[in-house]
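Next come the chains, spelled out residue by residue.
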Amino acid sequence: MSNRMIYLDNAATTRVHPEVFAAMTPFFTEEYGNPSAIYGFAQSAKNAVDHARETIAKSIGANTEEIYFTGGGSESDNWALKATAEAYAAKGKHIITSKIEHHAILHTAQWLEKQGYEITYLDVDENGLIDLEQLEKAIRPDTILISIMAANNEIGTIEPLKEIGKIAHEHGVLFHTDAVQAFAHIPLNVDEMNIDMLSASGHKINGPKGIGILYIRKGVKIRSFIHGGAQERSRRAGTHNVPGIVGMAKATELSTEKMEERNKYEIELRDYLIDRVLSEIPYSRLNGDRTRRLPNNANFCFRFIEGESMLILLDQNGIYGSSGSACTSGSLDPSHVLLAIGLPHEIAHGSLRLTLSEETTKEDIDYTVDRLKEIIARLRSMSPLYEDFVKKQQKGNH
């Protein structure tokens, strides 16, 4: 086992920033009041929640009262789809999404199908982008919602949100975006992008786990999702997770302030990683759009190898990556995203996602690529498929 630790799985979760942790701490120990209480002691917790709501709203150009705190991205996605379906059922029961959404959207959509809703799953091109013409053609008089992610969690491709929102609004359809990977990583503005609902999560931006938001544009008639007390303007019951809320807001503030310089740094490092892998490892390919992708995301497929073995060997070298999204890494099926961009099963199996952070260094990348080259050569040397392929190539050259 290596003594080094190179964490390249920041799309799965991130380390809580020390300043975030410091901002949260008092609300566990000293300022532990329930913000819904009337007495003075609870006031500082209430003020902290109000301030957090304001900070997060500002980061996406929303109004403070349009931000609702949830337990995380998956809850926000479930709420957006299920509650919209319920509230607008009289208008229609047709929803449009894409084939590469996170499972929090896809599994909710499948559940809605069982409740009698009709879902259109849009195709994507080989880079993971949806086709705007196809989207427009899919809209029907009974379409009530379009839900397309801001950026894909596996291959990093950024979708054309502004254009999607424009099409949705021209047809009087609501537009929700799962922005869990994009929020506070790339600029998002709900008005400019015609977004009616947006999901985001704290732990993807150096904030804590178990906290998220759903932005709901004023006037969108969406019911409560969790019933109980009158918290969150009676739309989402449950005692506020004050430390989590404070932590997410602090993380949002830090990420938004440093977004430009961090993106510049990560893009440079990401492109260096991509160039080295593609030029030094034969039969490798980059998945997702070369430039329209998240600053910190690199996703590759290596032919003739199996992703699981590669991850185990990387782990033994102190390198932590993933073969897809964290939510499916326990399953042996190839990624639905890679299949949707047209990769055959056997190639999709050899995928590797490396997601950097501002703490990643050029030395980390060099060490990773050097180890990766050795690991892939070793795995291919044990692959009968690779052996056959090489023999065929040699025959072809004679």
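Residues numbered from 1 in each chain as written. Predicted model: local features only at pLDDT ≥ 70, side-chain atom pairs only at ≥ 80, totals over all residues. Heavy atoms only, no water.

1. Re the pattern of salt bridges
- Applying the stated criterion across every chain, the model contains 26 salt bridges.
- For Arg 140, the salt bridge is made with Glu 118, and the minimal N-O distance between the two is 2.9 Å. Separated by 22 residues along the polypeptide, Arg 140 in the loop between α6 (132–138) and β5 (143–147) and Glu 118 in strand β4 (residues 118–122) bring together distant segments of the chain.
- The partly exposed category is assigned to Arg 140, whose relative accessible area is 27%.
- With relative accessibility at 43%, the residue Glu 118 sits in the partly exposed group.
- Where Arg 276 meets Glu 280, a salt bridge forms, and the shortest distance between an N and an O atom there is 2.9 Å. One end of the pair is Arg 276 and the other is Glu 280, both in helix α10 (residues 259–280) and 4 residues apart, which spans about a single turn.
- Note on Glu 280: relative accessible area 30%, which makes it partly exposed.
- Ionic contacts of the salt-bridge type, sharing partners, join the residues Arg 276, Glu 280, Asp 366, Asp 370 and Lys 373 into one network. (Salt bridge = Lys/Arg side-chain N within 4 Å of Asp/Glu carboxyl O. Helix = DSSP H or I, 4+ residues; strand = E, 2+ residues; numbered from the N terminus. Buried < 20%, exposed > 50% of the residue type's maximum accessible area, 1.4 Å probe, protein only.)

2. Observations regarding the confidence of the model for the chain
- The pLDDT averaged across the chain works out to 95; a share of 97% of its residues lies at or above 70.
- Every residue in residues 325–330 is under pLDDT 50, and counting partners more than four places away or in other chains gives 7 contacts. (pLDDT = per-residue confidence, 0-100. Contact = heavy atoms within 4.5 Å.)

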